[in-house]
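Chain by chain, the residues run as shown.
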Amino acid sequence: MTQAASPTPNTVTHTATNTMADIETSHASASAVTDTTVTLCSSEAEKQNAQIRSQFPALHQMLDGYPLCYLDTAATSQKPQMVLDAMAQFYANDNANVHRAAHQLSARSTLSYEKVRDQLQQFLKAERREEIIFSHGTTESINLVAFGLTAHVSAGDIILIDAAAHHANIVPWQELAKRTGAVIKPIPLDQTCRLDVSAYKTLLELKPKIVALCHVSNALGTVNPVAQLVQLAKKQGAITLVDGAQAVAHLTLDVTEIGCDFYVFSGHKMYGPTGIGVLYGRFDLLDTLAPLLTGGEMIKRVSFEATEFGSLPNRLEAGTPPIAEVIGLGAAITFLQTELTPQVQAYEAELVNYLQSQLRALGEVHLYGAFDDNIGVVAFNLADEHHQDVGILLDQQGVAVRCGHHCAMPLMQSLNLKGCCRASIGIYTNKDDIDRFVAALVSVKDLLL
Ligand code: PMP
């Protein structure tokens, strides 16, 4: 998994080959960065960005006389025309249930549906297509794993969870702990809001059964060196799950290189539709998961005496799947594979740096966990103003940001915050968006302070 290097100084680039010492040193140097004067990319990058942006119809609208400034991509991304077309095309031409019927429409829809599994195998660099399971989203994917592992877990087993985790990567493990008597232990963050690697190493000495990590924090945008963290966990024999919900739209992924047992994400955060998610699982372990959902599609033989389950991937995909959404996801993958070039990744990194530097320059703005290798997200509060007030006043100027605890209450508690505002960018965000957002925040500041 790599993020393209940004030409700005002090940028930390995460690659799967960074050693832990590299990561620790780069973290230290990143935290020493105060302000940077950020120059944005060439006009070539701007032209490329404009071409990408033109593919997103929802971005070209006015709100109360202001052009929409959409900085809530971490909550859900906007969708390119090709995703909308793929889904409309499916319903208009091929709509039929998959896997079941002898007729041609069903054959076409099954082919399109299963083709997306192949696409995902290639996209994630998984070894086998059966390692790709369709779910309804990251939340369901983690529930599939946490429920499916029940028989693997005994009373007293330890489950380590990243303190920056989204609730979706906390609550299913708590439920697993309730069922089995396992014990949850958070992996703390250090003072700079990064996962505390030395505390993590100490916790690993307890030989945890499961380690649940986030790849990129949805609240702060900080990036975990997941390949190294997984490697350390594997040495202690732990089962590892990485929540990639905030990584998948920005980074180039390689689950084999990361080495995790499970990697999960949602379609709607990567320019695809809502209602579709992915669970990647290492075949041998995935094959041992008890199915959370049972019923049609996942069986080999059923009688009133006993049921024999089918094999992967169907065994974990009971019932009629979200077929149109899978097809929309396939189009989103094609979109990302075409458009998310190293240059575009570098442009995204520069926009985040630019956004941070503009907010620092404003004064009276608190930034949280802000490093120049953050992905997609800038978390902030305006002086002591309530985040909700700031969000509403920004919305009145056409600026969409997220305000609240960002489904990361334990993280907010550790930061001693009730909540904060979060501006998040996507492949279509441009410098103008950032400038309009900052100008709107200046007027909010003038009004409130
Ligand atoms: N994990 C992270 C890091 C997220 O950002 C989100 C969505 N905010 C989720 C999990 C849950 O994703 P979904 O609601 O699509 O299931």
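All chains use their own residue numbering, which begins from 1 and follows the written sequence. Note on the predicted model: pLDDT of at least 70 is required for a residue's local features to be given, and 80 or more for side-chain atom pairs to be given and counted; whole-chain, interface and lining totals, by contrast, use all residues. Only hydrogens and water are removed before side-chain values are computed, so all heavy atoms of the structure are retained for them.

Draft legend 1. Representation of the sheet that holds strand β13 (residues 365-368). DSSP bridges decide pairing: two strands pair if at least two such bridges lie between them. Put simply, DSSP marks the helices as runs of H or I at least four residues long and the strands as runs of E at least two long, and each gets a number from the N terminus on. Read across the sheet, four strands follow the order β13-β14-β17-β16 without closing on themselves; strand pairing throughout is antiparallel. The open sheet has two free edges, formed respectively by β13 and β16 (402-404), since each of these has just one partner strand. Going from strand to strand, the sheet's axes swing by 30° on average, the running direction of each strand aside. Bridge count for β16 against strand β17 (residues 420-424) is three bridges, and the pairing is antiparallel. Looking at the pairing, arginine 402 lines up with arginine 422 of β17. Here, axes are lines fitted to C-alpha atoms. For helices the fit covers the stretch in contact, and angles between N-to-C directions go from 0 to 180 degrees.

Draft legend 2. Region of the structure containing the nonpolar core. To form a nonpolar core, buried Ala, Val, Leu, Ile, Met, Phe, Trp, Tyr and Cys residues must be joined to one another through side-chain atoms within 4.5 Å. Exposure categories follow from relative accessible area, calculated using a 1.4 Å probe and restricted to protein chains: below 20% of the type maximum is buried, above 50% is exposed, and the middle band is partly exposed. Residues Leu120, Leu124, Tyr200, Val211, Tyr263, Met270 and Ile427 are the most contacted members of the largest nonpolar core, which totals 82 residues. Sorting elements by how many residues they give to this core places helix α11 (residues 323-339) first, with ten residues. As used throughout, domain bounds are those supplied by an automatic or database domain assignment. For this core, the two domains that each supply at least three residues are domain 1 (11-70 + 341-448) and domain 2 (82-338). Any two residues having at least one pair of non-hydrogen atoms within 4.5 Å are treated as being in contact. Dropping the residues within four chain positions of it, leucine 120 is found in contact with Lys125, Ile132, Phe134, Phe265, Val278, Leu329 and Ile333.

Draft legend 3. Inspection of the packing of helix α2 (residues 43-53) against helix α12 (residues 342-362) at higher detail. Across the interface, α2 lies against α12 with an axial gap of 10 Å and an inter-helix angle of 95°. The orientation of α2 relative to α12 falls into the category roughly perpendicular. Residue-level inspection shows Ala45, Glu46, Gln48, Asn49 and Ile52 of α2 in contact with α12, the latter providing Gln343, Val344 and Tyr347. Classification convention: Asp, Glu, Lys, Arg as charged; Ala, Val, Leu, Ile, Met, Phe, Trp, Tyr, Cys, Pro as nonpolar; all other residues, Gly among them, as polar. Here the residues of the contact of α2 with α12 sort into four nonpolar, three polar and one charged. Working rule for angles: under 35 degrees goes down as roughly parallel, over 145 as roughly antiparallel, 65 to 115 as roughly perpendicular, anything else as oblique.

Draft legend 4. Structural detail: the sheet that holds strand β5 (residues 158-162). Ordered in space as β4-β10-β9-β8-β7-β5-β6, the seven strands form an open sheet in which the pairing is mixed. In this open sheet, the two strands that pair with only one neighbour each are β4 (132-135) and β6 (183-187). Across this sheet, the average inter-strand angle for adjacent strands is 20°, counted without regard to direction. Two elements, β4 and strand β10 (residues 277-281), share four bridges in a ladder whose sense is antiparallel. The residue bridging isoleucine 132 from the neighbouring strand is tyrosine 280, located in β10.

Draft legend 5. Spatial organisation of unusual backbone geometry. Going from leucine 312 to proline 313, the amide bond is cis rather than trans, its omega being 0°. With respect to the element layout, proline 313 can be found in the loop between β12 (307-309) and α11. The backbone of cysteine 193 sits at a positive phi, close to 75°, despite the residue not being glycine. Relative to the helices and strands, cysteine 193 resides in the loop between β6 and α7 (197-204).

Draft legend 6. Quick peek at the pairing of β6. Two strands pair when backbone bridges link them, and β5 and β6 are joined in this way by five bridges, in the parallel orientation. Within β6, the position partnered with aspartate 162 by the bridge is isoleucine 187. This β-α-β element, β5 to helix α6 (residues 171-180) to β6, shows right-handed connectivity. Handedness rule for crossovers: strands pointing away from the viewer, path from the first strand over the helix to the second running clockwise, crossover right-handed.

Draft legend 7. Highlighting the domain arrangement of the protein. According to the domain assignment, the protein consists of domain 1 (11-70 + 341-448) and domain 2 (82-338). Between the C-alpha centres of domain 1 and domain 2 the distance comes to 27 Å. Every contact between the two is made by 42 residues of domain 1 and, on the other side, 35 residues of domain 2. The contact between domain 1 and domain 2 buries some 3000 Å² in all, and 64% of this surface belongs to carbon and sulfur atoms. Any carboxyl oxygen of Asp or Glu within 4 Å of a side-chain nitrogen of Lys or Arg constitutes a salt bridge here. At the boundary of domain 1 with domain 2, the tally comes to one salt bridge. Of the charged contacts, one joins arginine 194 and aspartate 373 as a salt bridge, the two residues approaching to 3.0 Å between their closest N and O atoms. Sorting elements by how many residues they give to the side of domain 1 that touches domain 2 places helix α1 (residues 20-32) first, with six residues. Partitioned by chemical class, the residues of the side of domain 1 that touches domain 2 number 22 nonpolar, 16 polar and four charged. Put simply, buried area is the surface a 1.4 Å probe can reach on two separate parts but cannot reach once they are joined, added for both.

Draft legend 8. Inspection of the site of the ligand at higher detail. Whether a residue is near a molecule or strand depends on its heavy atoms: if one lies within 4 Å, it is near. The ligand sits among Gly137, Thr138, Thr139, His166, Ala168, Asn218, Asp243, Ala245, Gln246, Ser266, His268 and Lys269. Throughout this description, a polar contact denotes any pair of N or O atoms lying within 3.5 Å of each other; where both atoms belong to protein, one of them has to be capable of donating a hydrogen while the other can accept it, and for residues adjacent in sequence the pair is counted only when both atoms sit in side chains. Serine 266 places a side-chain nitrogen or oxygen 2.7 Å from an oxygen atom of the ligand. Here a nitrogen atom of the ligand and a side-chain polar atom of lysine 269 are 2.8 Å apart. Residue classes in the shell around the ligand are distributed as two nonpolar, eight polar and two charged.

Draft legend 9. Here's a closer look at α12. Between its first and last C-alpha, α12 extends 30 Å over 21 residues, near the 30 Å set by a 1.5 Å rise per residue. A large share of α12 lies buried, amounting to 16 of its 21 residues. Following α12 by one or two positions, glycine 363 has its phi on the positive side, about 75°. For a helix, the expected span equals 1.5 Å multiplied by the number of residues minus one.

Draft legend 10. Highlighting the side chain of asparagine 224. Tracing the chain through its elements places asparagine 224 in the loop between β7 (210-214) and α8 (226-235). Residue asparagine 224 is classed as buried on the basis of its relative accessible area, which comes to 7%. At 2.7 Å, the side chain of asparagine 224 and the side chain of aspartate 162 are in polar contact. Separated by 2.7 Å, the side chain of asparagine 224 and the backbone oxygen of cysteine 214 make a polar contact. Among residues more than four places away in sequence, those in contact with asparagine 224 are Asp162, Leu195, Cys214, His215 and Leu229.

Draft legend 11. View of the side chain of aspartate 94. For aspartate 94, the location among the structural elements is in helix α3 (residues 81-94). Not counting residues up to four positions away in its chain, the partners in contact with aspartate 94 are Gln89, Leu105, Arg108 and Ser109.

Draft legend 12. Up close: helix α5 (residues 138-148). Where α5 is concerned, the buried positions are Thr138, Ser141, Ile142, Leu144, Val145, Ala146 and Gly148. Packed against the buried residues of α5 are β4, α6, β8 (239-243), β9 (262-266) and β10.

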